[in-house]
Structures are given as C-alpha cells and as structure tokens.
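Observations on the three-dimensional arrangement
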Amino acid sequence: MTIGSDVKQCLASLKGIEASLSSLAIRTQENESKQTLHETMMVVNELVTDLNKRVGELER
Amino acid sequence: MPIWLDVVFRAILFIIVLFFITKFLGKKQLSQLSFFEYVTGITIGGIAAIVILEVRHSIFIGGLAIVVMASIPYIVGLISLKSKKFRDFVEGKGSIFIKDGKIMEDNLKKERYTTDELLELLRKNNVYQVSDVEFAVLEPTGDLSVMLKKENQPLTPKDLNLTVASVKEPQTVIMDGQLLDEPLATIGRSHAWLHTELEKLGVTIENVFLGQVNSYGELTVDLFDDKLQVASPQERPLILSTMKKCQADLELFALGTISKEAKQMYSKNSEKLQEAIDKITPILKG
C-alpha cells in the first residue's frame, strides 16, 4: 500500500511540473526556449498518462 | 542696439544653429572624428566664435559660412557611401601594426608611432604582453583594434561544447517607483500581472527603485530601502529539482516492483524523463 501512495505522490509532482512548464512556456519571450519548454511539457504529460494507468492498477 | 545685447542675441542664435547642424549631420560627427569631421568641426566652432564676438560681421555671412562648412562633410559622406575608393582616400585605411604575432616596424614608422605608444595602445586594450597578440590594426580614428591569439581569448560556452539557452533583452518596467506602460506592453503584460508579482515579492510599487522583467517573465526588483531582502525568482530551479526527484522516484519504483510489465514501464519513463531533464537544464538553470 505504501508503494501506491508513493506513486501517487510522484504523479502529483509530475502534474505540478507539467503545469509549471506550461506556464513558463507561455511567459517566455524567446521562441527556441519556448519550444523546448513545450516539448518537455509534452514528455511529462506522457509520463503522467502512464503513471495514471499504473495507479489504477495498484488500486485494484 | 548696445553691443552687449547684440552679443547675447548672436550667442543664443548661433547655439541654436549649431545644435541643429550637429543634429542634421548625425551621430557620426559626434562619435568618430574622421579627417573631414575633425576639420569642419574646428572650423565651424571658429566661425561661430568670431561672428558672435565681432559684431561688425553680419550674421547672415557667418551663418552662410557655417552651413557651407557643414555641408562639406555631408556631401563627402554621401559620396563615401557609394565609392570604396573615395572612402579609402578620404577616411584613410587602417594600418596593420601586428601581423601573425609580429610587429610591423615599417608601418609603425610610417604612422610615426613609437614603441612606447604602441605598448600604451595595447595596454588600453588590456594587453600587457605583445606575444599574446595575433593581429592588431590601427584604425583611421586612431584606436587600436587587437585580436588575441586563440589560446589567450576568453573562454566561451562554444569552446566548452556547452549548450546555453538564448535570451531576449530584459525590459525595464518600473523606474523610480513609476510604472512604465510601453515596455510592459512590449512583453504583453498587464498592470494587474505586475501588481500580483510585486505582491508575491511582498513589496509595494512605491518602494521599487528599478524593476526588470527577464525573457522568462520573471520580475527582479531593486528597492529604495536597501536593508530589505528581496527573494530571487525560484520557480525554474524548483521545477528542475522536482523533475530530478521524480526521475529518481521512477528508478526506485522500477527496482521495487515485482511485476515485469510495470518494471519496464517505470524504467522506460525514467529514461524519457532523464532525456527531458538533460535537454531543459540549460533553460532552467540560466
């Protein structure tokens, strides 16, 4: 059960990162940095999807 | 009209005339004195002084002389723009003083520069050892431009194969406690945003001497009250450290789980995150 909560915590952190990256990307003036921030946000988003699935499995 | 009044009148008039003529001739006249700008500058000053003091000269003739003298560098400038040969003749070419690390004594002699003067010019460029210099040229304006040998040049990120995030110029949005509308509009921010950011820092706008927004939209301020400590923006380092923590967590999960499928998922994702971290570190660190 502890593992489950650890994974959930990690998931929450990742969601936080995604949101921060997204807001940073919007605020950044420089186009190249904006692009990189956006791409990283997409990667984090994939991670969130995967972990979400895993959390579902752990709760079963 | 008494003489003194005439002199006052002329002085004011010629200051105005000279002001507009310098404006018309542009920044070049002020910044770099080529031969023509040097000579005409002196002459115009001389004419103005004579016409102001010697009231028997007519103002019109003095003004005419000044306009003619001012138009000469203007015309010369126009022709110089078109013809390289004319430019070399009028403005002069640079003479090479050091080439391949060796001093060109003949060129020094031609320009009548002594060794001491060469050393002095080098020192002005922060060079104390002649052997550090690969190439140096005396510009027509009298400045020495120095190219150091590669091993003596300052180290750049390129030399270290470092990737650095490119940045845009910061905008100054607060000066002397006053909000500046134009730079704020340039970066597409509203007054409300600025007030929120100031609130986050816990300062009022009246107490801000200077406030700038960098290309990541972070506000940094300098306060009138130098005893107060202001927090520096922490958002980007925080994102980076959270990302690193998550990456480590994922690796831990991969080691801890029994399910093969889950193990694979965790390690794949931790690799993905590591890649992302490597890519974004220059931005989040900077």
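Preceding this section is the structure that the text describes.
The present account deals with the structure reproduced in this document. (Residues numbered from 1 in each chain as written. Chains lettered and ligands numbered in written order. Predicted model: local features only at pLDDT ≥ 70, side-chain atom pairs only at ≥ 80, totals over all residues.)

Comments concerning the interface of chain A and chain B
Note on interface size: it is often stated as the accessible area lost on association of the parts. Chain A puts 24 residues into the contact, and the matching count from chain B is 27 residues. At the level of secondary structure, the elements contributing two or more residues to the side of chain A that touches chain B comprise α1 (2-27) and α2 (31-59) of chain A. Among the elements that make up the side of chain A that touches chain B, the one with the highest residue count is α1(A) (11 residues). Classifying every residue of the side of chain A that touches chain B gives 11 nonpolar, 8 polar and 5 charged. (Contact = placed C-beta atoms within 7 Å. Helix = DSSP H or I, 4+ residues; strand = E, 2+ residues; numbered from the N terminus. Nonpolar A, V, L, I, M, F, W, Y, C, P; charged D, E, K, R; others polar.)

Overview of helix α3 (residues 35-53) of chain B
Residues and elements named next belong to chain B. Along its 19 residues, α3 runs 28 Å from first to last C-alpha, staying within 8% of the 27 Å computed at 1.5 Å per residue. Taken residue by residue, α3 has Glu37, Thr40, Ile44, Ile47, Ala48, Val51 and Ile52 as its buried positions. Relative to the axis of α3, the buried residues are bounded by an arc of 125° and lie together on one face. Within α3, the exposed residues directed more than 90 degrees away from the buried face are Ile42, Gly46, Ala49, Ile50 and Leu53. (Expected span 1.5 Å × (residues − 1). Buried ≥ 20, exposed ≤ 12 C-beta atoms within 10 Å, placed from the backbone. Arc of directions from axis to C-beta.)

Concerning the pairing of strand β8 (residues 219-223) of chain B
All names here are of chain B. In this structure, strand β7 (residues 208-213) lies alongside β8, joined through 5 bridges in antiparallel fashion. Paired with Leu210 across the bridge in β8 is Asp222. The turn linking β7 back onto β8 is made up of 5 residues, and Gly217 within it adopts a positive phi angle of 75°. (Pairing = 2+ DSSP bridges.)

Points about the packing of helix α10 (residues 235-256) of chain B against helix α11 (residues 260-285) of chain B
All names here are of chain B. Orientation of α10 relative to α11, taken along the N-to-C sense of each, is 160°, at an axis distance of 9 Å. As far as their axial angle goes, α11 and α10 are roughly antiparallel. When you trace α10 past α11, the crossing you get is left-handed. Counting all contacts with α10, which are made through Arg236, Pro237, Ile239, Leu240, Met243, Lys244, Cys246, Gln247, Leu250, Glu251, Phe253 and Ala254, the residues of α11 involved are Lys263, Tyr266, Ser267, Asn269, Ser270, Leu273, Gln274, Ile277, Thr281, Leu284 and Lys285. Looking at the contact of α10 with α11 residue by residue, the class counts come to 12 nonpolar, 6 polar and 5 charged. (Axes fitted to C-alpha atoms, helices over the stretch in contact; angles between N-to-C directions. Parallel < 35°, antiparallel > 145°, perpendicular 65-115°, else oblique. Left-handed = near helix turned anticlockwise from the far one by under 90°.)

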